[in-house]
Amino acid sequence: MKLMIIALSNMRKHKSSIVVTGILVACAMLLLYSSINSIGSVTNHAADVNKKQNAADVILYTSYEDKEKVFDFFDSQEEITEYESRGFYSTGVKYHNVTMDSKKEQMEFRIMNEKDKTNISNFIIYDKQKEWKENSIILPMYLKTGLGFHSGDEIELEYALATQTYEIYGFIEDVMFPNPNTVGMYECIVSSEEYERVASYGCLAGNAYFVKIDEKLQPFKYVNDFRKNIDDHIPGISSSVVYYINDSQSMCYAASVWAYTIMALFAVFAIFIIVIAVIVIRFTIVTTLEDNLPNIGILEAGGYTSKQMIFANMVEYLSTTIIGILLGLAGAVGVKGLLENIVNATTGLKWQEEFSPVIAVICGIILILMVALTIRIASRRMKKITPLDALRDGIHTHNFKKNPISLEKSTLPLNLSIGCKNILQSLKQNISILIIVCLLTFICAVFFNVYYNVAVDPDGIIRLVGIEKCDIAYEINNTNGMDLHFPAEGTDKKDADYWKMCDRIKEIEGVQNAFPCGSGSTYLTNGKQNTQIELTAYDDFSQLKINTIVEGRYPEENNEIVLATKTAEQLKVEIGDVVYAESGEKSNDFVVVGIEQHMYNVGTGALVNFDGLQKISPDVEINNLFVYTEEDVDIDTIIKEIKDAFGDYQSNLANFDEYFTTILATFSSAIGAMSLFSLVSTMIIVCLIIYLLIKMKLLRDRRMLGIYKALGFTTPQLVGQTVLSYIPVIGTGALLGGGLAILIGNKTVAAVFRVISGIQKCNFTTVYSYIILSVVLVIVAALAIAVACSAKIRKIEPCKMIQEQ
Amino acid sequence: MAAILKVTDLCKAFSNGSVQQHVLKNLTMNIEKGDFTVIMGSSGSGKSTMLYSVSGMDRPTLGSIIYDGQEISKLSNDKLAIFRRKNCGFVFQQNYLNNTMSVIDNILVNGLLVSKDRKKIAARAKEYLKKVGLTAECYDKFPSQLSGGEAQRVAIVRGLINQPGILFADEPTGALNSQNTTNVLDIFTEFNQDGQTIVMVTHDIRSAVRGNRVLYLKDGVIEAECELGRYTPEDTNRDHILREFLEKMGW
């Protein structure tokens with residue numbers, strides 16, 4: 001009880017530092033709890049969704065027509081325990097929400113029939129309207145959580161050959177196609193009447209297969225075998241226009257990866273705040289000790305032991321910590337809705353955060369232990385002080401050897417000299433602050449730079465994603481006898497129909513270039529490791545706008561291959577090694593001549609030239625054309641002209657800019673939010689540090705400041721000295737952080753993306769103005785707070801300071 | 001001699017809510033150049049209040065304080081600070097040296113407020129330190145490494161470094177032992193003999209006899225004045241004269 005009285009008395013005396021400590025602990029608890037609770041919970045939610053829907057372990061979407069062959073294949077695989085199929089139509093669509101009057105966006109749509117239900121991967125519809133109509137449509141949850149669509153809204157879909165308006169009936173959560181950042185397509189469901197009409201809108205028909213495997217197997221491991229085996233069993237299936245295989249386990253992770261990134265950022269800031277709280281507590285205890293020495297002397301003279309005094313400190317700060325923890329927890333519950341919105345907007349899931357007492361307790365214990373350890377270490381000095389020393393105002397443990405910045409020898413102006421003296425006399429503390437500010441500013445500046453390269457000038461992110469940046473992507477769904485296969489041996493390559501199409505497109509005014517792009521799938525092995533990958537092929541790589549090579553060069557011969565970074569890592573091969581591309585019974589060897597990087601397909605894949613693709617998949621159809629227009633040409637006009645020229649062929653014509661903007665939209669918003677969060681957090685943390693340091697300094701040095709006033713220092717001079725004791729540290733930290741952002745910002749981003757998708761090099765444009773702005777904002781905020789806090793020096797009256805003795 | 005400081009009808013009142021306390025009441029006095037004026041009085045008579053008011057450290061409630069032709073009673077706080085640094089030196093009962101600065105820096109921090117000529121100020125500081133009996137060994141020491149007497153001598157040099165018009169001393173020997181008290185008083189006498197004007201508040205007769213006049217403060221007014229003339233160590237009569245004066249004042 002008596003120690004409680006001492007603790008309460010101390011708390012009353014140092015209200016501001018107690019409050020600041022409480023705030024820091026509350027913020028740390030909020031961020032730590034939210035991040036740890038969410039990370040586990042989001043993945044669990046994705047797994048729960050899969051469970052509710054009886055989701056397939058492996059899915060196959062293909063335009064391959066022979067369903068029976070596919071079923072035969074499934075029957076031949078003992079690992080497969082169950083399967084079902086459902087038809088779909090695939091098409092590129094321009095859509096916009098008529099009710100919200102949103103702008104038109106481009107996306108690949110997979111359209112399914114409402115009546116065509118399966119037990120595996122069944123749909124659970126949320127926010128259902130009362131009545132199902134002929135023009136009803138069910139859309140992915142991402143359009144609700146990420147773009148703000150509502151049930152009942154009208155949405156217009158512009159197909160290749162028709163435009164239709166639908167009413168949103170509801171939304172489905174689907175881990176396999178959660179958001180455009182993960183898989184660039186939307187799966188939707190229409191009425192059976194409308195489904196029949198969709199066939200005439202210029203869409204490509206296909207079948208979706210949903211496969212369940214033996215419970216003992218892991219889908220993400222099995223799917224590689226599945227890819228190889230189906231290709232062996234059904235030669236040519238991988239050459240289908242639509243051919244997509246994935247597994248539920250990988251998608252559980254992929255769906256949540258951006259949520260993890262955001263939560264990881266929260267956790268990083270939580271750690272920063274904990275470190276700052278520890279510094280603040282240590283500083284406060286040391287200062288309070290010095291300030292309170294006569295009282296401590298009296299108590300010790302009266303019989304209190306130093307252990308009891310330390311315990312009183314513990315009571316003081318641990319009670320503050322516990323209050324901070326409870327407030328932080330309440331805050332975490334309070335911002336639950338906001339957190340859910342952020343996570344759901346990036347994942348396209350309908351996740352709800354559930355309170356976890358276990359995680360709350362663990363986070364609380366971590367914080368309490370850190371604070372207790374800090375108090376224990378900071379209070380050690382109390383053991384060394386005798387009551388007599390304390391009553392005589394303590395041992396002045398000044399390092400007698402050091403007199404930094406001697407006023408006799410310094411050439412700096414007086415106030416600057418005194419400011420620098422103060423900095424050097426608290427060197428350890430100032431180094432800690434410098435490091436913290438440097439790291440915070442670095443994170444802030446990097447985020448702003450990333451934001452610029454994603455949202456303002458997305459060329460940077462486009463290069464990183466690695467998708468070739470044409471102006472129009474033309475996907476041909478051959479329905480009118482055009483032959484999209486490789487020409488027969490001995491004939492001129494340029495005689496192929498797809499080349500003739502390119503020549504015809506190049507004649508259109510405003511078109512600069514057009515060339516075909518081939519794709520396929522193959523099983524690569526180095527003899528020991530193997531992996532199934534997607535192949536991309538061009539005839540002439542020099543025409544590409546985006547160079548994704550990080551080592552070596554593009555393939556020139558038919559036995560040369562460039563591997564994506566993740567594929568090269570999986571196969572443990574380097575430039576000069578040989579890999580074997582197996583398709584069915586055939587095996588072709590390729591020399592690795594280059595390593596390239598991209599973000600799609602989780603950083604896996606390979607590049608070959610057309611001759612190489614012909615070796616691997618001689619029956620593949622070349623159905624993608626990339627069209628490049630001149631500057632300032634209206635893309636939609638060119639698209640119309642291409643449609644008019646080749647109206648007979650069902651095709652998807654996409655304005656690539658619009659398509660990419662849609663995919664990037666959520667990513668840009670998330671990066672924008674994280675940039676703003678990191679800037680605001682940095683400024684708040686820096687301001688808190690300055691506020692507390694100056695508050696403590698004024699408390700500790702108020703008598704000396706009064707004496708200086710008596711001797712003739714004006715208030716502005718003393719304010720200047722105080723500001724100069726801290727701002728150079730903050731400024732240096734911020735400048736170092738900005739400098740680091742310029743020097744290693746791109747490398748840091750590459751390192752982060754490397755974890756997600758094998759990126760080795762990041763060549764984002766370094767936007768000096770954004771980085772400088774981050775640095776300036778941090779310094780200005782710190783300066784403003786420093787001046788505002790130091791202005792209290794005005795109230796110090798020299799007479800009172802002298803007469804207080 | 002011309003008066004360097006003219007104080008006319010000086011009043012100082014403190015209020016604490018509804019209670020007002022008039023500490024100085026229409027106090028009038030002049031300080032001549034080269035004077036060594038001692039202010040004495042019983043506890044609570046307003047000695048320190050008067051010292052701080054006339055030195056520009058505190059603003060009077062009413063009255064006029066003219067220093068060398070300049071009215072200072074209405075100056076703002078910052079202008080008062082500028083006035084003080086140029087014209088006043090201070091020595092307090094506690095030395096109030098900055099424990100984180102060396103001896104020489106403690107003096108220079110005051111000296112460099114007025115002059116940017118570091119070499120000149122440093123040379124003057126060293127000259128004064130020698131005069132007060134502190135050797136070069138002390139220059140880089142810190143206050144906690146000095147004795148009480150040594151620290152007070154450093155404080156005196158700090159007060160004199162800008163060659164102020166008046167040195168104000170508030171009980172400068174109050175925390176010193178007998179030997180150090182004598183040392184400090186000898187320093188004051190020496191500087192006064194060189195022309196330094198000094199105003200000192202004390203309740204110690206040994207200190208008071210060093211002055212050439214003693215003003216006795218009672219209930220906020222100067223009750224009486226005692227002229228002692230210039231101090232010489234041989235003048236043993238001044239002690240007797242002062243004691244008689246103080247006895248008359250009821251001290």
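Higher on the page you've got the structure.
Residues numbered from 1 in each chain as written. Chains lettered and ligands numbered in written order. Predicted model: local features only at pLDDT ≥ 70, side-chain atom pairs only at ≥ 80, totals over all residues. Heavy atoms only, no water.

Colleague: So, the overall build of chain A: which residues are in play, and what are the values?
Modeller: On a plain count of helices and strands, chain A comes out with 26 helices and 20 strands. Its C-alpha atoms give chain A principal-axis dimensions of about 105 × 55 × 55 Å. Residue burial in chain A is summarised as follows: out of 805 residues, 57% are buried. Accessible surface, chain A: about 33400 Å² in total, of which carbon and sulfur atoms supply 56%. In chain A, which carries 69 positive and 89 negative side-chain charges, the distance between the mean positions of the two groups comes to 21 Å. (Helix = DSSP H or I, 4+ residues; strand = E, 2+ residues; numbered from the N terminus. Buried < 20%, exposed > 50% of the residue type's maximum accessible area, 1.4 Å probe, protein only. Areas by Shrake-Rupley, 256 points an atom, 1.4 Å probe, with all protein chains shown as cover. Lys, Arg positive; Asp, Glu negative; His and termini not counted. Charge placed at Lys NZ, Arg CZ, Asp CG, Glu CD.)

Colleague: I'd like a description of the packing of helix 14 (residues 414-425) of chain A against helix 3 (residues 103-114) of chain B, backed by residues and values.
Modeller: Orientation of helix 14 of chain A relative to helix 3 of chain B, taken along the N-to-C sense of each, is 150 degrees, at an axis distance of 10 Å. In terms of orientation, helix 14 of chain A lies roughly antiparallel with respect to helix 3 of chain B. Across from L414(A), I418(A) and K421(A) in helix 14 of chain A, the residues of helix 3 of chain B making contact are D105(B), V109(B), L112(B) and L113(B). Residue classes in the contact of helix 14 of chain A with helix 3 of chain B are distributed as five nonpolar, no polar and two charged. (Axes fitted to C-alpha atoms, helices over the stretch in contact; angles between N-to-C directions. Parallel < 35°, antiparallel > 145°, perpendicular 65-115°, else oblique. Contact = heavy atoms within 4.5 Å. Nonpolar A, V, L, I, M, F, W, Y, C, P; charged D, E, K, R; others polar.)

Colleague: Describe the sheet that holds strand 4 (residues 62-67) of chain B, and please don't skip the residues or the numbers.
Modeller: Residue and element names in this part refer to chain B. Spatial ordering of the open sheet is given by 2-1-4-5, a layout of four strands whose pairing is antiparallel. Two strands lie at the open edges of the sheet, namely strand 2 (19-32) and strand 5 (70-71), each paired on one side alone. Summarising the sheet, strand 4 and strand 5 pair through two bridges and their orientation is antiparallel. By the bridge assignment for strand 5, I66 is matched with E71. (Pairing = 2+ DSSP bridges.)

Colleague: With reference to specific residues and values, describe the pairing of strand 7 (residues 166-170) of chain B.
Modeller: On a regular strand, one side chain projects to one face of the sheet and the next to the other, so that they alternate. Residue and element names in this part refer to chain B. For strand 7, the buried fraction is high: five of the five residues fall into the buried class. Both faces of strand 7 are covered, namely the face carrying I166, F168 and D170 and the face carrying L167 and A169. Judged from the four bridges that link them, strand 6 (residues 88-91) and strand 7 form a sheet pairing that is parallel. Bridging across to strand 7, V91 finds its partner in A169. Across five bridges, strand 7 lies against strand 8 (residues 197-201) in parallel orientation. If you follow A169 over to strand 8, its bridge partner there is M200.

Colleague: Quick one: what's the story with the packing of aromatic side chains, residue by residue and with numbers?
Modeller: Enumeration according to the criterion identifies 40 aromatic pairs over all chains in this entry. Ring centres 5.0 Å apart and planes at 50 degrees place the aromatic pair Y89(A) and Y195(A) in the tilted group. Of this pair, Y89(A) sits in strand 2 (residues 80-97) while Y195(A) sits in helix 5 (residues 192-198), placing them 106 residues apart in sequence. Y195(A) carries the same exposure label as Y89(A), and that label is buried. Each ring, one from Y538(A) and one from F541(A), has its centre 5.5 Å from the other, and the planes form 75 degrees; the classification is edge-to-face. Assigned by exposure class, Y538(A) and F541(A) land together as buried. Aromatic rings pair up to connect F71(A), F73(A), F74(A), Y83(A), Y209(A), Y222(A) and F226(A) into one cluster. Cation over ring: K131(B) sits above F191(B), and NZ or CZ is 4.5 Å from the ring centre. (Phe/Tyr/Trp six-rings, centres within 6.5 Å; stacked < 30°, edge-to-face > 60°. Lys NZ or Arg CZ within 6 Å of the ring centre and 35° of its normal.)

Colleague: Explain the sheet that holds strand 7 of chain B residue by residue, including any values.
Modeller: Residues and elements named next belong to chain B. One open sheet holds the six strands; their spatial order is 6-7-8-3-9-10, and the pairing between them is mixed. The strands lining the two open edges of the sheet, one partner per strand, are strand 6 and strand 10 (221-227). Each strand axis lies, on average, 20 degrees off the axis of its neighbour in the sheet, ignoring direction. Two elements, strand 9 (residues 213-218) and strand 10, share six bridges in a ladder whose sense is antiparallel. Directly across from L217, in strand 10, lies its bridge partner I222. Lying on the sheet, helix 5 (residues 148-160) is in contact with strand 6 and strand 7; it crosses strand 6 at an angle near 170 degrees.

Colleague: I'd like a rundown of the interface of chain A and chain B, residues and numbers included.
Modeller: The interface is formed by 38 residues belonging to chain A together with 33 residues belonging to chain B. Between chain A and chain B the total buried area reaches about 3000 Å² when both faces are included, carbon and sulfur atoms providing 59% of it. Note that K421(A) and D105(B) form a salt bridge whose closest N and O atoms lie 2.7 Å from each other. If you look at where chain A meets chain B, you find 15 residue pairs in polar contact (both at pLDDT 80 or more). Breaking the side of chain A that touches chain B down by element, the ones donating at least two residues are helix 14, helix 22 (702-711), helix 23 (715-724) and helix 26 (798-803) of chain A. With seven residues, helix 22 of chain A is the single largest residue contributor to the side of chain A that touches chain B. (Buried area = accessible area lost by both parts, 1.4 Å probe. Salt bridge = Lys/Arg side-chain N within 4 Å of Asp/Glu carboxyl O. Polar contact = N/O pair within 3.5 Å; in protein donor to acceptor, adjacent residues only side chain to side chain.)

Colleague: Explain helix 3 (residues 67-76) of chain A to me, and be specific about the residues and the numbers.
Modeller: All names here are of chain A. Along helix 3, the residues that are buried comprise V70, F71, F73 and F74. Angular distribution of buried residues about the axis of helix 3 spans 155 degrees; they occupy a single face of the element. Looking at helix 3, the residues exposed on the side facing more than 90 degrees away from the buried face are E68 and D75. Looking at the buried positions of helix 3, the neighbouring elements they touch are strand 1 (58-62), strand 2, strand 9 (204-213) and helix 6 (219-233). Capping of helix 3 at its N-terminal end is provided by D66; its side-chain oxygen lies 3.3 Å from the backbone amide nitrogen of E68. (Arc of directions from axis to C-beta.)

Colleague: Please provide a residue-by-residue account of a positive patch on the surface, values included.
Modeller: Judged by side-chain charge, R282(A), K307(A), R376(A), R380(A), K402(A) and K428(A) come together as a positively charged surface patch. Along the chain, R376(A) falls in helix 11 (residues 357-378). (Patch = residues over 30% accessible without salt bridge, like charges linked within 9 Å, V, L, I, M, F, W, Y side chains within 5 Å.)

Colleague: Residues and numbers for the nonpolar core, please.
Modeller: With 246 residues, the main nonpolar core has I461(A) and F188(B) as its most contacted residues. Sort the elements by how many residues they give to this core and helix 21 (residues 656-700) of chain A lands first, with 17 residues. Dropping the residues within four chain positions of it, F188(B) is found in contact with F36(B), V91(B), I156(B), L167(B), A169(B), P172(B), I198(B) and M200(B). (Core = buried A, V, L, I, M, F, W, Y, C linked by side-chain atoms within 4.5 Å.)

Colleague: Describe unusual backbone geometry, and please don't skip the residues or the numbers.
Modeller: Even without being glycine, N54(A) reaches a positive phi, approximately 50 degrees. Here N54(A) lies in the loop between helix 2 (15-52) and strand 1.

Colleague: Describe the pairing of strand 12 (residues 511-525) of chain A, with residues and values.
Modeller: Residue and element names in this part refer to chain A. The buried count for strand 12 comes to 13 of 15 residues, which makes it a mostly enclosed element. In the sheet, strand 12 pairs with strand 19 (residues 624-629) via six bridges, with the strands oriented antiparallel. What sits directly across from V511, in strand 19, is T629. Bridge count for strand 12 against strand 13 (residues 530-538) is nine bridges, and the pairing is antiparallel. Its bridge partner being in strand 13, G520 is matched across the sheet by L535. A loop of four residues connects strand 12 with strand 13, the two strands running antiparallel in sequence, and G527 in this loop sits at a positive phi of about 105 degrees. As paired strands, strand 12 and strand 16 (residues 578-583) are joined by three bridges and run antiparallel to one another. The residue of strand 16 that forms the bridge with T525 is Y580.

Fair warning: the whole summary comes from geometry, so function is off the table for now.
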